[in-house]
Amino acid sequence: MSESQDTLTITDNRTGRSYEVPITDGSIRAMDLRGIKVDEDDFGLLSYDPAFKNTANVRSAVTLVDGDRGILRYRGYPIEQLVEHSSFLEVAYLLINGELPTAGELDQWIYDITHHTFIHENLKQFMDGFHHDAHPMGMLVSTVGALSTFYPEAKDLDESEARYMQIIRLIAKFPTLAAFAYRHSIGMRYAYPDNDLSFTGNFLNMMWKTTELKYEPDPVLERAMDVLLMVHADHEQNCSTTTMRAISSSQADPYSAAAGATAALYGPRHGGANEAVLNMLNRIGSVDKVPEAIQGAKDGQFRLMGFGHRVYKNYDPRAKVVQNLAHEVFEVTGKNPLLDIAVELERIALEDEYFVERKLYPNVDFYSGIIYQAMGFPTEMFPVLFAMGRIPGWLAHWQENVLDKEQAIVRPRQLYTGAGERTYVPVEQR
Ligand code: SDX
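For every chain, the first residue of its written sequence is number 1, and the numbers climb from 1 along that sequence. Local features in a predicted model are, by the rule used here, given only for residues with pLDDT of at least 70; side-chain atom pairs are given and counted only at 80 or more, and totals for whole chains, interfaces and linings are based on all residues. Side-chain measures here rest on the full set of heavy atoms in the structure, leaving out hydrogens and waters.

Brief notes about the site of the ligand
Inference 1: Residue proximity to a molecule or strand is established when one non-hydrogen atom of the residue lies within 4 Å of it. In the neighbourhood of the ligand, 23 residues make up the surrounding shell, with His235, Leu304, His309, Arg310 and Arg318 lying closest.
Inference 2: Note that a nitrogen atom of the ligand is positioned 3.0 Å from one of the backbone N or O atoms of Arg269.
Inference 3: Polar contacts, as counted here, are pairs of nitrogen or oxygen atoms within 3.5 Å of one another; within protein the pair requires one atom able to donate a hydrogen and one able to accept it, and residues that are adjacent in sequence qualify only if both atoms are side-chain atoms. One nitrogen or oxygen atom from the side chain of Arg303 is found 2.8 Å from an oxygen atom belonging to the ligand.
Inference 4: Contact with the protein chains covers 77% of the free accessible surface of the ligand, which is 1000 Å².
Inference 5: Ten residue types, Ala, Val, Leu, Ile, Met, Phe, Trp, Tyr, Cys and Pro, are classed as nonpolar, four, Asp, Glu, Lys and Arg, as charged, and the remainder, Gly among them, as polar. Partitioning the shell around the ligand into residue classes produces eight nonpolar, seven polar and eight charged. Where accessible areas are quoted, they stem from the Shrake-Rupley method and a 1.4 Å probe; at the residue level, only the protein chains shown are allowed to cover.

This is how it looks when you write it as structure tokens:
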């Protein structure tokens, strides 16, 4: 197609005038619509797109999700290959730096992260201040944000060294904060990081260590945790990543931005879905109750949590990875009986017109909670585990946003529906 045809011709029937709008990368610039006016005083056209269902607000090279073909690639590498050959820390390096590390770069990356897992002792006082039944996600929103008060140099966004240190610290300290939040909730003293263990082995150590002098993680569960973190590591411009970018656009530090992203992930429509799936499966209770539950979802009584996706209109490739992982974990932990209910729910839903026509397939959250529960995590910890995986993705997008010269502070427009001008009425006259 010739260059001249990469345009949109818009005719404004209000004025009869026509406009040529260039098409670039399958999009038009919304700002080009502002030139379409009925007269010189007209502000010009806006594009109206609630929840940004059809709006690209960034250019990004980090991750590609092809919803129709069920494809997920981190920096061009298919998730299936990374799960088979890579590790969470190597995937984190890839997402943030854009290339797979050499052996030396990976060793240095792992060394740096391993040696920043401790948190300032004062942060324990934040943890201790929470009520015994505080939700760990609420604790993390607060303590991740509090990290910004310990590292004021995090505001030096233009310094690559300063950015690197905050990236290392957030990846390294998030598991410590997560495990400390859990230990607080069960009234156990904090188990400190053990630098002899792997990233995931150390996380399991901080979660489960009791009286043994040295915690030894089960290698199957250690690897399963690593895979679960990999499949959660990034997912384009999802709600929490968009939040991370929006906060970074005001040049706030990455800890404050990550606290906001953690808050966005907390919602049951996003990262909180894995917790909601378990609650739903427990409510269904048995395989023979599944048809009744399916009917309830079709009648709009509730949503099938763990089903559906804004982008995937085909199977979420991560759901397949997680489902396969379940069987490996259950070899060690014993089978989670909820799996049978989940498998039956999926089987019936994928045959039912209501779900098929709405392209509702299991997403990453549908099976992950079943594994987490089998590994001993309480349901409140599930979104925490999602967030721990997503930290490198948030940071990759944070850094991409900071370095993107086309970006500016996020400040959308609105379509005003409120009252016109009116005069104040004193209270005695109302
Ligand atoms: C994640 O963006 C990302 O990439 C997110 C994520 C990531 O890695 O960051 O992939 C992680 O958040 C996965 C999604 C986890 N959430 C859930 O599992 C919660 C249940 N799913 C839904 O709430 C919903 O599917 C969303 C939020 C995931 C997507 O919602 P959309 O794209 O806004 O779709 P919609 O709400 O407009 O629904 C379209 C139709 C509606 O029916 P109609 O009004 O057309 O009749 O589908 C129905 C909805 O009622 N529908 C469901 C449903 N999800 C949508 N009906 C029953 N069960 C569901 N789960």
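A closer look at the domain arrangement of the chain
Inference 1: Taken domain by domain, the chain comprises domain 1 (3-48) and domain 2 (60-404).
Inference 2: Domain start and stop positions are those given by an automatic or database domain assignment. Each of domain 1 and domain 2 has a C-alpha centre, and these two points are 41 Å apart.

Digging into the pattern of salt bridges
Inference 1: Every case where a carboxyl oxygen of Asp or Glu lies within 4 Å of a side-chain nitrogen of Lys or Arg is listed as a salt bridge. Summed over all chains, the structure comprises 17 salt bridges.
Inference 2: For Asp196, the salt bridge is made with Lys214, and the minimal N-O distance between the two is 2.9 Å. Note that Asp196 is positioned in the loop between helix H6 (160-185) and helix H7 (199-208) and Lys214 in the loop between H7 and helix H8 (219-231), a separation of 18 residues in sequence.
Inference 3: A relative accessible area of 62% places Asp196 in the exposed class. Numbering of helices and strands runs from the N terminus, with a helix taken as a DSSP run of H or I at least four residues long and a strand as a DSSP run of E at least two residues long. In this scheme, a residue with accessible area under 20% of its type's maximum is buried, one over 50% is exposed, and one in between is partly exposed, where area comes from a 1.4 Å probe on protein chains only.

Concerning the layout of surface pockets
Inference 1: Of the two site types, the cavity is a set of points on a 1 Å grid over the protein atoms alone where a 1.4 Å probe fits but cannot get out, and the pocket is an open set with protein on both sides within 12 Å along at least five of seven lines, each lined by residues with an atom within 4 Å of a point. Grid points are joined across faces, edges and corners, and a volume is the space filled by probe spheres set on the points. The space that makes up the second largest pocket amounts to roughly 190 Å³.
Inference 2: Lining the second largest pocket are Leu157, Asp158, Ser248, Ser249, Gln251, Asn401, Val402, Asp404, Lys405, Gln407, Ala408 and Ile409.

Points about the packing of helix H14 (residues 338-349) against helix H16 (residues 364-374)
Inference 1: Look at H14 against H16: their axes get within 10 Å of each other, and the N-to-C directions meet at 175 degrees. Between H14 and H16, the interaxial angle falls into the category roughly antiparallel. Here Leu338, Leu339, Ala342, Val343, Leu345 and Glu346 of H14 lie close against H16, whose contacting residues are Phe366, Tyr367, Ile370 and Gln373.
Inference 2: Per-class residue counts for the contact of H14 with H16 are eight nonpolar, one polar and one charged. Lines fitted to C-alpha atoms define the axes, with helix axes restricted to the stretch in contact, and inter-axis angles between N-to-C directions lie between 0 and 180 degrees. In this scheme, roughly parallel covers angles under 35 degrees and roughly antiparallel covers those over 145, while 65 to 115 is roughly perpendicular and the rest are oblique. We call two residues in contact whenever any of their non-hydrogen atoms come within 4.5 Å of each other.

What to know about the pairing of strand E4 (residues 71-74)
Inference 1: Inspection of the sheet shows strand E3 (residues 63-66) paired to E4 by four bridges, in the antiparallel sense. Looking across to E4, one finds that Thr63 is bridged to Tyr74.
Inference 2: Two strands pair under a simple rule: DSSP has to find at least two bridges between them. As consecutive antiparallel partners, E3 and E4 are separated by four residues, and within that stretch Gly70 has a phi angle of approximately 65 degrees, a positive value.
Inference 3: Hairpin connection of E4 to strand E5 (residues 77-78): two residues between the antiparallel strands, including Arg75 at a positive phi of 50 degrees.

With respect to the side chain of Asp352
Inference 1: Here Asp352 lies in the loop between H14 and helix H15 (353-357).
Inference 2: Taking the relative accessible area as the measure of exposure, Asp352 reaches 13% and is therefore buried.
Inference 3: Looking at Asp352, its side chain comes within polar contact range of the side chain of Lys298, at 2.7 Å.
Inference 4: Not counting chain neighbours up to four residues away, the residues in contact with Asp352 comprise Ile294 and Lys298.

What to know about helix H5 (residues 136-146)
Inference 1: Buried residues dominate H5, accounting for eight of its 11 residues.
Inference 2: Residues of H5 that are buried in the fold lie against helix H4 (122-128), H6, helix H10 (254-265) and helix H17 (382-403).

Here we look at the pairing of strand E2 (residues 17-22)
Inference 1: As judged from the six bridges shared by strand E1 (residues 7-12) and E2, these two strands associate in the antiparallel manner. Considered in E2, the bridge of Thr7 is made with Pro22.
Inference 2: Between E1 and E2, which pair antiparallel one after the other, the connecting turn spans four residues, and Gly16 there sits at a positive phi close to 80 degrees.

Considering the packing of H10 against H17
Inference 1: Look at H10 against H17: their axes get within 10 Å of each other, and the N-to-C directions meet at 135 degrees. Viewed along their axes, H10 and H17 adopt a mutual orientation that is oblique. Remark: the crossing between H10 and H17 carries right-handed chirality. Here Pro254, Ala258, Ala261, Thr262 and Leu265 of H10 lie close against H17, whose contacting residues are Pro383, Phe386, Ala387, Trp394, Leu395 and Trp398.
Inference 2: When its residues are assigned to classes, the contact of H10 with H17 shows 10 nonpolar, one polar and no charged. Crossing chirality is assigned from the near helix's rotation relative to the far helix, an anticlockwise turn below a right angle marking it left-handed and a clockwise turn marking it right-handed.

Here's the deal with the nonpolar core
Inference 1: Side-chain atoms within 4.5 Å link the members of a nonpolar core, which is a set of buried Ala, Val, Leu, Ile, Met, Phe, Trp, Tyr and Cys residues. Grouped together as the largest cluster of nonpolar side chains are 118 residues, with contacts concentrated most on Trp109, Ile171, Phe203, Met225 and Phe377.
Inference 2: The residues touching Met225, leaving out its near neighbours within four places in the chain, are Thr200, Phe203, Leu204, Tyr372, Met375, Phe377, Leu385 and Met388.

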